[in-house]
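The residues making up each chain are set out below.
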Amino acid sequence: MILDKDTAKKTAEVLLQVKAIKLSTSVPFTWASGWKSPIYCDNRVILSYPAVRVYIKEEISKIVELQYGKPDVIVGVATGAIAIGVLVAQELGVPFIYVRPEPKSHGRKNQIEGHLESGQNVVVIEDLISTGKSSLNAVKALKDAGAVVKGMVAIFSYEFDIAADNFKNSNVSLSTLSNYSHLLDQAMDSQYITEKELDTLSEWRKDPGNWKS
């Protein structure tokens, strides 16, 4: 869910400016899943730009408080959302923890790193939502540990139908600063892409798993 269209477009603009999001219809990217894609998103790039990371931190913090109130703990999903999560926790003045994809195979074998008490209200921070599988895996680990997961806030979502279904089926509230639709709108407004490229990007979005460049 997008709470503010102006924020969504501004976020898309800064992600394009710092090349956290790259668009290439002629030479597509290959995702880890093997999918061919005309878009690649790496929001860790944000951390290299102080003004941008402050903006992202402040906007996510606003959504957290507006949607869920001040939580007991902010949670980052490893590894992409750890740094952003720390910034948000600092902005809100609350503790921070993070969740690994799976428990460590050594030491204390933690999946959740940091201090969490059963019954505490938490909000999960993500950098990117594709299918939502890894994000919801983190939510499950938190619930298994007794946390009350109020919801999740992410920087960007590809708006895949499967993600919407996964979050709905898991009964987890998701808000994002920006998404694929607003990205395309902003890319056109700023003349970052042509009409032809817009058509290609729109086609990819309909069936990304079977898209051919």
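Quick caveat: nothing in here was measured; it's all calculated off a predicted structure.

Novice: Go over the pairing of strand β6 (residues 96–99) with me, naming the residues and quoting the values.
Specialist: Side chains of β6 alternate between two faces, with Ile97 and Val99 buried and Phe96 and Tyr98 left unburied. You can see the chain leave strand β5 (residues 73–77), run along helix α3 (residues 82–92) and come back into β6, and the turn it takes is right-handed. Here β6 pairs with strand β7 (residues 112–113) via two bridges, running antiparallel. When the bridges of β7 are listed, Val99 appears paired with Ile112.

Novice: Before we move on, can you summarise the pairing of strand β10 (residues 174–179) with the specific residues and values?
Specialist: When you tally the buried positions in β10, you get six out of six residues, the bulk of the element. Sheet analysis places strand β9 (residues 148–157) next to β10, joined by five bridges and oriented parallel. Within β10, the residue paired with Ala154 across the bridge is Thr176. Considered for its hand, the β-α-β crossover made up of β9, helix α5 (residues 161–169) and β10 is right-handed.

Novice: Give me the lowdown on the pattern of salt bridges, citing residues and values where you can.
Specialist: Under the definition given, this model contains seven salt bridges. Note that Lys9 is salt-bridged to Asp189, the shortest N-O span being 2.2 Å. With Lys9 in helix α1 (residues 5–17) and Asp189 in helix α6 (residues 180–189), the pair connects residues that are 180 residues apart, well separated along the chain. Looking at Asp189, the relative accessible area reads 51%, which means it is exposed. Residue Lys206 is joined to Glu203 by a salt bridge in which the shortest nitrogen-to-oxygen separation is 2.9 Å. On the criterion of helical spacing, the pair formed by Lys206 and Glu203 is a turn pair, its members being three residues apart in helix α7 (residues 195–206). Residue classification places Lys206 among the exposed residues on the basis of a relative accessible area of 64%. Residue classification places Glu203 among the partly exposed residues on the basis of a relative accessible area of 43%.

Novice: Quick one: what's the story with the packing of helix α2 (residues 50–68) against α3, residue by residue and with numbers?
Specialist: Packing of α2 against α3 brings their axes to within 9 Å, and their N-to-C directions diverge by 60°. In the packing of α2 onto α3, the handedness of the crossing is right-handed. On the side of α2, the interface is formed by Arg53, Ile56, Lys57, Glu58, Ile60, Ser61, Val64 and Glu65, while α3 contributes Ile84, Leu87, Val88, Glu91 and Leu92. Per-class residue counts for the contact of α2 with α3 are seven nonpolar, one polar and five charged.

Novice: Now, about the layout of surface pockets: what can you tell me, with residues and values included?
Specialist: Space inside the largest pocket adds up to approximately 700 Å³. Ala32, Asp127, Leu128, Ser130 and Ser134 are the residues nearest the centre of the largest pocket, which is lined by 30 residues in total. At the level of secondary structure, the elements contributing two or more residues to the lining of the largest pocket comprise β4 (39–41), β8 (121–129) and α4 (133–144). Reported here for the second largest pocket is a volume of approximately 200 Å³. What lines the second largest pocket is a set of twelve residues, among which Met1, Ser157, Glu159, Ala164 and Leu174 lie closest to the centre. Secondary-structure elements contributing two or more residues to the lining of the second largest pocket are α5 and β10.

So, how was this worked out
Residues numbered from 1 in each chain as written. Predicted model: local features only at pLDDT ≥ 70, side-chain atom pairs only at ≥ 80, totals over all residues. Heavy atoms only, no water. Buried < 20%, exposed > 50% of the residue type's maximum accessible area, 1.4 Å probe, protein only. Helix = DSSP H or I, 4+ residues; strand = E, 2+ residues; numbered from the N terminus. Right-handed = clockwise from strand over helix to strand, strands pointing away. Pairing = 2+ DSSP bridges. Salt bridge = Lys/Arg side-chain N within 4 Å of Asp/Glu carboxyl O. Axes fitted to C-alpha atoms, helices over the stretch in contact; angles between N-to-C directions. Left-handed = near helix turned anticlockwise from the far one by under 90°. Contact = heavy atoms within 4.5 Å. Nonpolar A, V, L, I, M, F, W, Y, C, P; charged D, E, K, R; others polar. 1 Å grid on protein atoms, 1.4 Å probe; cavity = no way out; pocket = protein on both sides within 12 Å on 5 of 7 lines; lining within 4 Å. Points joined across faces, edges and corners; volume = space filled by probe spheres on them.

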